[in-house]
Amino acid sequence: MTTRAPSEKATTSSTGTPGMGAGPRRHVLDLDDFSAAEIGALLDSAEAMREVMDRSIKKVPSLRGKVVVTLFLEPSTRTRVSFEQAGKMLSADVINIGGAGSAAEKGESLLNTALTLQAMHADLIVIRHPHSGAPYFLARHLRSTGVVNAGDGMHAHPTQALLDLMTMRRHLGSLEGARVVIVGDVLHSRVARSDAFGLAASGASVVLCGPPTMMPLDLLRANRDGGPDGGPDAGSNPGPGRSLPNVTVEPDLDTAIAGADAVIALRLQTERQAAGMLPSLREYTRRWQVTEARMALAKPGALLMHPGPMNEGLEITSALAHGPTAQIEEQVTNGVAIRMALLYSLLTGTEERP
Amino acid sequence: MSVPLLIKNARLIDPSDGSDAAGDLLIVDGVIARRGSTNGSVPDGTRVVDGTGMVAAPGFIDLHAHLREPGGEDKETIATGTAAGARGGFTTLCCMPNTNPAIDSAAVVELIVRRAAEAGPIRVLPFGAVSRGRSGVELTDMEELARAGAVGFTDDGSPVATGHLMQMALLYAGQLGPSTGSGRRLPVMDHCEDHSITKGLGVNEGWVASRLGLAGYPSAAEESIVARDIALLDLVGGALHIAHLSTAGAIDQVRRAKERGLLVTAEATPHHLTMTEEWVLGEHGRGQAGAALSAAAYETRAKVSPPLRAEADRLALVAGLADGTVDAVATDHAPHTFGDKEVPFEEAAVGLSVLETAFGSLMGLVHAGALDLPTLIHRLTVGPAGVLGERYAPLATLREGTPADVVLFDPGESWTVDAASFASKGKNTPLDGETLTGRVKLTVAGGEIAFDGLGA
């Protein structure tokens with residue numbers, strides 16, 4: 001195992017692509033700069049990590065002496081605990097900072113908090129922030145400490161997308177040519193955006209489905225006009241005028257779900273109804289709830305996933321959520337494994353396994 | 001008394017009479033003593049400047065600058081803001097009333113006028129607030145404000161809050177009393193934005209906003225208020241001025257209103273004329289097509305309200321500037337501190353520090369062939385003076401006997417923007433490090449040298 005200092009790994013300039021470069025990746029800000037090969041290697045590594053999780057003593061010394069700080073400035077249970085557990089199983093020292101009780105509460109700026117953590121020689125900051133782009137802001141300002149995006153505003157949630165990819169690959173095999181439906185509040189969903197990039201890189205196509213009031217306007221326009229930003233894009237990155245790669249929009253869930261290999265139901269924040277974005281939750285469930293009848297339209301053996309936390313009986317019927325097609329608990333397990341793989345890869349600079 | 005100044009052999013462009021010829025310009029006792037002729041005597045002690053290869057024009061007039069004083073002195077003061085203006089070739093700055101306290105009383109107008117006089121020769125003309133405290137409810141004492149020196153009214157930073165208030169403001173400011181000039185009509189400037197449509201600030205609604213997971217600011221949020229204001233102008237008269245026009249649809253509306261003979265004027269900023277929404281992706285608006293986001297994305301220095309728009313909007317804006325639909329270039333100079341901008345995008349303050357880059361970036365349009373130089377100068381001088389009214393016309397001419405507000409610039413000199421060296425306290429420009437062609441060399445206001453860059 002190599003133990004190069006983080007500063008030697010810093011290969012990006014302030015304007016360069018954040019993760020990539022001549023050397024190993026230092027940051028994970030989104031999946032838009034991941035190749036199929038890099039994703040595949042991470043998923044392979046995560047499979048090995050699942051073996052570690054299955055051991056009676058769930059700990060290996062791989063990241064001994066490494067310091068990982070989770071800086072969660074928005075409420076979270078599963079993602080924060082998942083990162084913490086991933087770090088601890090690899091013997092990293094994991095320090096958790098939240099909004100309450102931290103200097104952020106005293107008005108310290110995010111920049112100064114991050115510079116302070118860097119000055120303490122933290123190897124990695126895992127950040128969850130209510131505002132889109134906060135991890136990019138940190139990456140721009142930090143010279144030696146790496147940054148992992150654990151969810152930023154409406155923008156991205158790359159580790160959630162990786163665990164979704166892992167879950168799909170475990171059950172479907174290759175994702176090449178797979179058809180994945182993402183249903184719900186796409187507009188506000190960082191999960192949908194990162195999933196779209198990860199799925200495009202893996203060769204899958206994505207159908208976005210949900211209320212028109214919860215769909216990015218540029219995607220609706222592309223659908224309506226078939227204009228320059230319309231239609232699926234062959235590449236894994238969107239061109240100018242395209243916000244997401246290889247996606248189509250289908251408002252009707254029955255149509256969208258027909259022949260799907262996997263369905264990802266997004267969390268609906270019920271406050272959106274009071275904000276005038278939905279007529280009623282009743283109408284939402286009638287039109288966009290994933291039901292047994294709708295899943296029957298998908299391919300046999302199609303997967304049902306949800307990033308959590310779920311409003312049971314709203315996005316998905318209760319029976320389905322606890323039925324055999326649902327992968328919701330496996331997603332959580334895979335989440336720990338993929339975060340172990342990611343921390344390992346970032347903090348050792350190799351794809352070598354423990 | 002200022003030293004007499006002779007600018008020799010410059011290209012003299014005077015948009016007030018359409019003249020454009022090589023010649024000399026003699027400034028004595030604060031006025032233009034002689035224009036054109038290369039003959040004749042000059043007073044003893046006259047400073048002679050060789051203007052070969054350079055252009056002399058009336059000093060620029062900025063209808064829209066945030067000088068922050070009083071209340072925001074950490075961002076800018078009248079002294080630093082006028083110094084920045086002078087370096088940008090501006091001899092007149094209209095300052096916005098979103099100060100603390102707002103410019104809603106004669107006392108604040110008088111404070112600004114006094115501070116400006118102490119700061120130097122650059123003229124500072126305050127806009128008063130439309131509503132007391134800029135709170136969108138009660139009209140300010142507009143007549144008293146005008147008497148103290150306010151040249152127009154706006155709640156800029158915010159729109160005029162309601163259609164009712166706009167109607168009252170157009171009526172009242174349209175007929176101010178004899179003490180401010182008989183029946184004088186002062187413009188009401190509006191920052192057109194329907195807050196209920198705007199979900200987020202600083203990025204256009206479109207693929208960039210969607211890509212970044214940011215709530216966008218659609219063109220419709222601007223155009224719906226432009227439509228409201230034009231309808232009210234048609235109803236009650238007065239003089240309406242649309243601030244920082246940014247969308248193709250809004251330009252169409254202004255063009256059609258002007259064709260109908262309505263007294264509407266409009267301004268556009270250098271950044272909306274030269275940059276697009278892609279600048280929010282960082283890297284100076286380049287190299288992002290089809291690429292992963294870089295750490296330079298979420299460029300808070302390109303966060304501005306209204307946001308940088310799509311290329312089609314920018315092109316419509318340039319066409320509107322060329323055909324006169326857009327009367328004036330105005331900077332919307334909005335200086336901020338480091339801490340105001342070095343935060344996640346959604347928390348960052350809106351606005352750019354513009355005064356020192358405005359002319360250089362606008363010259364890019366001239367060098368690209370999108371606009372001719374006399375038209376650009378017109379929109380920086382005669383255009384804005386016309387918005388302010390007839391009595392400001394002498395500030396926008398090189399005619400003999402008028403106040404010597406003059407700029408001398410080298411249209412072909414390339415220079416690199418270094419925000420750290422700005423006179424403005426606001427270093428917040430995405431143009432930092434960019435090379436611009438066209439540089440102000442000398443700024444004279446009322447015959448006084450306000451900026452001398454000839455040695456540089």
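Described in the following lines is the structure provided in the data block. (Residues numbered from 1 in each chain as written. Chains lettered and ligands numbered in written order. Predicted model: local features only at pLDDT ≥ 70, side-chain atom pairs only at ≥ 80, totals over all residues. Heavy atoms only, no water.)

**What to know about the interface of chain B and chain A**
So, step 1. The partner chain A presents 36 residues to the 27 residues of chain B that form the contact.
So, step 2. Note on chain B versus chain A: buried area summed over both sides is about 2500 Å², and carbon and sulfur give 57% of it.
So, step 3. Three residues stand out in chain B for area buried against chain A, namely W207(B), R211(B) and A295(B), and they jointly supply 23% of the buried area on that side.
So, step 4. Here chain B and chain A share two salt bridges between them. (Contact = heavy atoms within 4.5 Å. Buried area = accessible area lost by both parts, 1.4 Å probe. Salt bridge = Lys/Arg side-chain N within 4 Å of Asp/Glu carboxyl O.)

**Concerning the packing of helix α4 (residues 163–173) of chain B against helix α6 (residues 219–236) of chain B**
Residues and elements named next belong to chain B.
So, step 1. With their axes 10 Å apart at the nearest point, α4 and α6 run at an angle of 45° to one another. Taken together, the axes of α4 and α6 lie oblique to each other. Classified by chirality, the crossing of α6 by α4 is right-handed. Residues G163, M166, Q167, L170 and L171 of α4 form the contact with α6, whose own contacting residues are R228, D229, L232, L233, L235 and V236.
So, step 2. Within the contact of α4 with α6, the residues separate by chemical class into seven nonpolar, two polar and two charged. (Axes fitted to C-alpha atoms, helices over the stretch in contact; angles between N-to-C directions. Helix = DSSP H or I, 4+ residues; strand = E, 2+ residues; numbered from the N terminus. Parallel < 35°, antiparallel > 145°, perpendicular 65-115°, else oblique. Left-handed = near helix turned anticlockwise from the far one by under 90°. Nonpolar A, V, L, I, M, F, W, Y, C, P; charged D, E, K, R; others polar.)

**Details of the environment of T52(B)**
All names here are of chain B.
So, step 1. Looking at the secondary structure, you find T52 in the loop between β4 (47–50) and β5 (55–58).
So, step 2. With 29 residues separating them in the primary sequence, T52 and G23 have C-alpha atoms 9.7 Å apart.
So, step 3. Setting aside chain neighbours within four positions, we find T52 in contact with K8 and N9.
So, step 4. Only 2.5 Å separates the side chain of T52 from the side chain of D50, close enough to count as a polar contact. (Polar contact = N/O pair within 3.5 Å; in protein donor to acceptor, adjacent residues only side chain to side chain.)

**Side note on unusual backbone geometry**
So, step 1. Here the bond from N100(B) into P101(B) is cis, since omega is 0°, no more than 30 degrees from zero.
So, step 2. Note that P101(B) resides in the loop between β7 (90–95) and α2 (106–119).
So, step 3. Residue P306(B) follows S305(B) across a cis peptide bond; omega there is -5°.
So, step 4. Secondary-structure assignment places P306(B) in the loop between α8 (270–274) and α9 (311–323).
So, step 5. Of note in the backbone geometry, N246(A) takes a positive phi value of approximately 50° without being a glycine.
So, step 6. Mapping N246(A) onto the fold places it in the loop between α8 (217–225) and β7 (247–249).
So, step 7. Overall, the relative accessible area of 17% leaves N246(A) in the buried class.
So, step 8. A positive phi angle, near 60°, is found at Y298(B), a position not held by glycine. (Buried < 20%, exposed > 50% of the residue type's maximum accessible area, 1.4 Å probe, protein only.)

Keep in mind that these numbers describe shape and distance, not what the molecule does.
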